[in-house]
Amino acid sequence: MSDVTATSTAADYLVRAENVSRMYPDGHVTALVDVSLAVRRGQYTAIVGPSGGGKSTLLNLLGALDVPTSGRVLFEEQPLSATADLDRLRARKIGFVFQSFHLLPTLTALENVQIPMFEGPRLSASQRASKAGQLLVAVGLSHRATHLPKQMSVGERQRTAIARALANDPMLLLADEPTGNLDSQVGGEILDLFDRLHRDRSMTLIVITHSAEIARRAQQIITLRDGRIVSNESVADFLSDADATTVE
Amino acid sequence: MRFITIAWKNLAGRPLRSSLTVMGLAIAVAAAMVLIGVSQGFERSFLNLYNERGDLVVQHAGGVMQLSSSIDEKLGPRIQGLPGVRQVIGGLADLVALEQFDLFAVIVNGWDPDCPVLTDVTIVSGRRLRQGDRGRVMIGKLLADNTGRQVGDKIEIYAQEFEIIGIFESSSIYDSGAIFMLLEELQRLMDRPGQVTGYLVRATGLDDPRAVNELKQRIELLDPHISAVTVPEFVHNYAHIRVGRASAWIISTIAVTLSVIGMLNTMIMSVLERSGEIGTLRAIGWRKSRVMWLVLCESVLLSIGAAIVGVTLAILGVRMLRYWPPVTGFVEGNIPMSVIVSAFMAALLIGILGALLPAYRAAQLRPVEAMRHQ
Ligand SMILES: Nc1ncnc2c1ncn2[C@@H]1O[C@H](COP(=O)(O)OP(=O)(O)O)[C@@H](O)[C@H]1O
Ligand SMILES: [Mg+2]
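Residues numbered from 1 in each chain as written. Chains lettered and ligands numbered in written order. Predicted model: local features only at pLDDT ≥ 70, side-chain atom pairs only at ≥ 80, totals over all residues. Heavy atoms only, no water.

**As for the overall build of chain A**
Note the threshold: The way it works is that DSSP assigns letters per residue, a run of H or I at least four long becomes a helix, a run of E at least two long becomes a strand, and they are numbered from the N terminus. Only C-alpha atoms enter the radius of gyration; for comparison, a globular chain is expected to reach 2.2 Å times N to the power 0.38, where N is the number of residues. Under the scheme applied here, a residue whose accessible area is under 20% of the maximum for its type counts as buried, over 50% as exposed, and between as partly exposed, the area being computed with a 1.4 Å probe on protein chains only. Contact definition: two residues touch when any of their heavy atoms are within 4.5 Å. Residue-level accessible areas treat just the shown protein chains as cover; the underlying method is Shrake-Rupley with a 1.4 Å probe. Charge counting follows a simple rule: Lys and Arg are positive, Asp and Glu are negative, and His as well as the terminal groups are ignored. Here the site of a charge means atom NZ of a Lys, CZ of an Arg, CG of an Asp or CD of a Glu.
Along its length, chain A carries 7 helices and 10 strands. The C-alpha atoms of chain A give 18 Å as radius of gyration, which agrees with the globular expectation for 248 residues (18 Å, within 12%). If one aligns the C-alpha atoms of chain A with their principal axes, the spans along those axes are about 45 × 45 × 40 Å. When the 248 residues of chain A are sorted by exposure, 52% land in the buried category. Put simply, of all contacts in chain A between residues at least 6 apart along the chain, 71% involve residues at least 24 apart. For chain A, the computed accessible surface area is about 10700 Å², with 49% contributed by carbon and sulfur atoms. One finds the centroid of the 25 positive side-chain charges in chain A at a distance of 6 Å from the centroid of its 28 negative side-chain charges.

Below is the structure:
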């Protein structure tokens, strides 16, 4: 078991980027330049680096929300450019968590969590509701099920958004500065939640962060600056958190 | 949660905009319904009135305004002599204003004392007109109610005082709002001695179109200046009815067009305002078609709301119109079911048409950009 990291085969990769560049034509900005990386199944990856470095751009490409100007992204070793239905891929295999939550303001927590289920495996209205209820329990929010986003604290909103991201049992969870709008204590609780998802559900996590604390929990830390990867540190599974490299 | 719940909550979450949109569309729907309903009701009650009394209408050939048509009253007995003709009713009609009561289009009919119209109406109080009743009139129950006049009161018509000697009831709303006087007197007042507006001819054996045409030709042979048409033809082509019908449709078309534009505006605004939310839906995997359905559902929900409110407004509106003096006697108190069904269909159509472009716009939103600009 201990040599898995050393002899990873292609089948172990959930998502890969090969020489990916992304230019935004409107601003003549090259947000990513020739970026290559690989994320193994069940791996916890942190993307760090200064603002404007291209982190969100990279995450959007990995999440099939955007297409690269050159290079390619592979999901389960399938190039995204050859994948017919990217909506379906996003709906069923990827969960997204955003810095500013992006919940629907007119729906309750329980209803927000059900939104992705309309694109997931066929469920009845009551099955959707009970599954959403279980997810809210999993994120510790069962007592807030009938609350609207504006009636919840920011931490509770982000938990709701995480429950929503898990609605269709994705294999990959992408989070763009998930604690960026939270104070450190609430942010820490969200990070604990990510840890549990990683540990208990073997979820593959890619998390953009400014926080050294998240980075410390990750197994792979990618630093982006001016659209280029300036460092990619892998922390072996058997190393304890305390021994992991701290960035920034 | 059902899909429709999301659409519903989006609308309920913006109560002011949703209710304003519903009200705007409802008023357009109601206005169109009242106009079309009134014009159809007008036509139908006109048809009933004439159908009760005859099969053919004889009037001056080429006349556009039937009220000003004039035919010699000596023609009546000659039509009566034709084979199959059972009854000929000749009368003179005019429209007068009763300004003191704010009534601007009251029908005045002149009949012979033995005319079936006079003898068939039910007297509610007073008595029927008879030979030699100069300066006297009978008035319909609705007109009596609207003017508060009773038997024995005076009423001023053509700048002359007339005594009301009877109040009558009739199944026709036109008669109920009308004034009846003797033919001779109305001929004198209108300065049309020996003339009638037209004849209503009741005949037997008109079961097939050939027999109808034959009788028409026989009547027209009596005098080169007259024409005979069936009652439905007459009513359909009656100038006032045609103008009424045309204006009702034109105004309704304008109202519907404005509503489509209004709905378009509301839905475009709501899509643009929610581009971040829509971008999120797309980001977490909603297909374009599902986003389009959401916009369409919202618009159709608004339309259904507007149809319900609009139909209610229209029904109340028409009931109230019946008691509005200027149109008293011309408006029936009911909107036909067919008009209500059409109103629902029109509202749905407005909802769908008004949502097509916004739905398309919503589906075209690129998730990353939409969320970035929120
Ligand atoms: N949609 C876009 N259009 C134009 N420029 C963009 C767009 N998105 C990002 N950029 C630019 O690309 C660069 C990288 O942005 P981003 O990936 O958001 O960085 P980060 O998430 O690390 O802060 C920045 O200079 C940013 O202004
Ligand atoms: Mg960013």
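Now, onward.
**What to know about the interface of chain B and chain A**
Worth spelling out the cut-off: By buried area we mean how much accessible surface two parts lose on assembly, using a 1.4 Å probe and totalling the loss over both. Any carboxyl oxygen of Asp or Glu that lies within 4 Å of a side-chain nitrogen of Lys or Arg is treated as forming a salt bridge with it. Any pair of nitrogen or oxygen atoms within 3.5 Å is treated as a polar contact; in protein, a donor-acceptor pairing is required on top of that, and neighbouring residues in sequence qualify only through side-chain atoms on both sides.
Between chain B and chain A, the contact holds 25 residues from the first and 24 residues from the second. Together chain B and chain A conceal approximately 2300 Å² of surface at their shared face, both sides included; 60% is due to carbon and sulfur atoms. Counting across the interface, chain B meets chain A through 5 salt bridges. The closest approach of N and O atoms between Asp87 of chain A and Arg282 of chain B, which form a salt bridge, is 3.1 Å. The tally of links from chain B across to chain A stands at 11 residue pairs in polar contact (both at pLDDT 80 or more). For the side of chain B that touches chain A, the elements supplying multiple residues, two or more each, are helix 1 (3-12), helix 11 (275-283), helix 12 (288-321) and helix 14 (367-372) of chain B.

**Quick look at the pairing of strand 4 (residues 70-75) of chain A**
Residues and elements named next belong to chain A. Condition: The rule for pairing is simple: two strands pair if DSSP sees at least two bridges between them.
Across 5 bridges, strand 1 (residues 13-24) lies against strand 4 in antiparallel orientation. Within the sheet, the bridge partner assigned to Glu18 lies in strand 4 and is Arg72. The pairing of strand 4 with strand 5 (residues 78-79) spans 2 bridges and is antiparallel. Residue pairing for strand 5: Leu74 is matched across the bridge by Pro79.

**Overview of the domain arrangement of chain B**
Keep this limit in mind: Where each domain starts and ends comes from a domain assignment, either automatic or drawn from a database.
Entries for chain B in the domain assignment read domain 1 (3-45 + 241-371) and domain 2 (62-224). Between the C-alpha centres of domain 1 of chain B and domain 2 of chain B there is a distance of 45 Å.

**A closer look at the site of ligand 1**
To keep it simple, the criterion reads: Nearness is judged by heavy atoms alone; a residue qualifies as near a molecule or strand once a single heavy atom is within 4 Å of it.
The local shell around ligand 1 holds 13 residues, among which Gly52, Lys55, Ser56 and Thr57 of chain A together with Arg372 of chain B are the closest. Note that an oxygen atom of ligand 1 is positioned 3.2 Å from one of the backbone N or O atoms of Gly53 of chain A. One of the side-chain N or O atoms of Thr57 of chain A is found 2.5 Å from an oxygen atom in ligand 1. Contributions of two or more residues to the shell around ligand 1 are made by strand 2 (29-40) and helix 1 (55-62) of chain A.

**Some remarks on a negative patch on the surface**
Residue and element names in this part refer to chain B. For clarity, the threshold we go by: Note on patches: the residues involved have over 30% relative accessible area and no salt bridge, like charges join within 9 Å, and the nonpolar side chains Val, Leu, Ile, Met, Phe, Trp and Tyr join within 5 Å.
Together, Asp72, Glu73, Asp112, Asp114 and Glu184 line one region of the surface with negative charge. Relative to the assigned elements, Glu73 resides in the loop between strand 2 (71-72) and helix 3 (75-80). The class of Glu73 is partly exposed, set by a relative accessible area of 32%.

**Brief notes about the packing of aromatic side chains**
Residue and element names in this part refer to chain B. Stated formally: Classification of ring pairs uses Phe, Tyr and Trp, with its six-membered ring standing for Trp, and accepts pairs whose centres are within 6.5 Å; under 30 degrees between planes counts as stacked, over 60 as edge-to-face, and the remaining range as tilted.
Applying the stated criterion across every chain, the model contains 11 aromatic pairs over all chains. For the pair Phe46 and Tyr50, a centre-to-centre distance of 5.1 Å together with 35 degrees between the ring planes defines the contact as tilted. Taken together, the residues Phe46 and Tyr50, both in helix 2 (residues 15-53) and 4 residues apart, mark about one turn of the helix. Tyr50 gets classed as buried once you look at its relative accessible area, which sits at 18%. Relative to Tyr238, the ring of Phe46 has its centre 4.8 Å away and its plane inclined at 50 degrees; by these criteria the two rings are tilted. Of this pair, Phe46 sits in helix 2 while Tyr238 sits in the loop between helix 9 (231-237) and helix 10 (239-273); the two residues are 192 residues apart in sequence, bridging distant segments of the chain. When its relative accessible area of 8% is taken as the criterion, Tyr238 is described as buried. An aromatic cluster of three or more residues is present, and its members are Phe46, Tyr50, Tyr174, Phe234 and Tyr238.

**Quick notes on the nonpolar core**
To keep things clear, this is the line we draw: Among buried residues, those of type Ala, Val, Leu, Ile, Met, Phe, Trp, Tyr and Cys that are joined through side-chain atoms within 4.5 Å constitute a nonpolar core.
Grouped together as the largest cluster of nonpolar side chains are 73 residues, with contacts concentrated most on Ile115 and Ile206 of chain A together with Ile6, Met33 and Trp286 of chain B. Element by element, the count of residues in this core is highest for helix 12 of chain B, at 10 residues. Here Ile206 of chain A is in contact with Val15, Val39, Thr45, Ile47, Leu59, Leu62, Leu172, Leu173, Leu174 and Ala175 of chain A, once residues within four sequence places are set aside. Listed in part, the 41 residues of the second largest apolar core include Leu82, Phe101, Val137 and Ile164 of chain B.

**Observations regarding the confidence of the model for chain A**
All names here are of chain A. Which entries qualify depends on this criterion: One confidence number per residue, pLDDT, is output by the predictor and ranges from 0 to 100.
Looking at chain A as a whole, its pLDDT mean stands at 90, while 90% of the residues score no less than 70. Looking at the elements of chain A, mean pLDDT is at its lowest for helix 7 (residues 212-217), recorded as 79, and at its highest for helix 3 (residues 109-114), recorded as 98. A low-confidence stretch, residues 1-6 (pLDDT under 50), is modelled with 1 contact involving residues beyond four sequence positions or located in other chains.

**Some details on the environment of Ala30 of chain B**
All names here are of chain B. For Ala30, the location among the structural elements is in helix 2. The class for Ala30 is buried, based on a relative accessible area of 8%. Here the alpha-carbon distance between Ala30 and Pro193, two residues 163 residues apart in the chain, equals 46 Å. If we ignore the near neighbours within four places in the chain, the residues touching Ala30 are Gly310, Leu313 and Ala314.

**Section: the sheet that holds strand 1 of chain A**
Hydrogen bonds between backbone groups are what pair the strands of a sheet, and the pairing can be parallel or antiparallel. All names here are of chain A. Operational definition: Angles here are taken between N-to-C directions and fall from 0 to 180 degrees, while the axes themselves are lines fitted to C-alpha atoms, restricted in helices to the stretch in contact.
Within the open sheet, the 4 strands sit side by side as 2-1-4-5. Their pairing is antiparallel. Sheet topology places strand 2 and strand 5 at the edges, where each strand pairs with a single neighbour. Lying on the sheet, helix 1 is in contact with strand 1, strand 2 and strand 4; it crosses strand 2 at an angle near 55 degrees.

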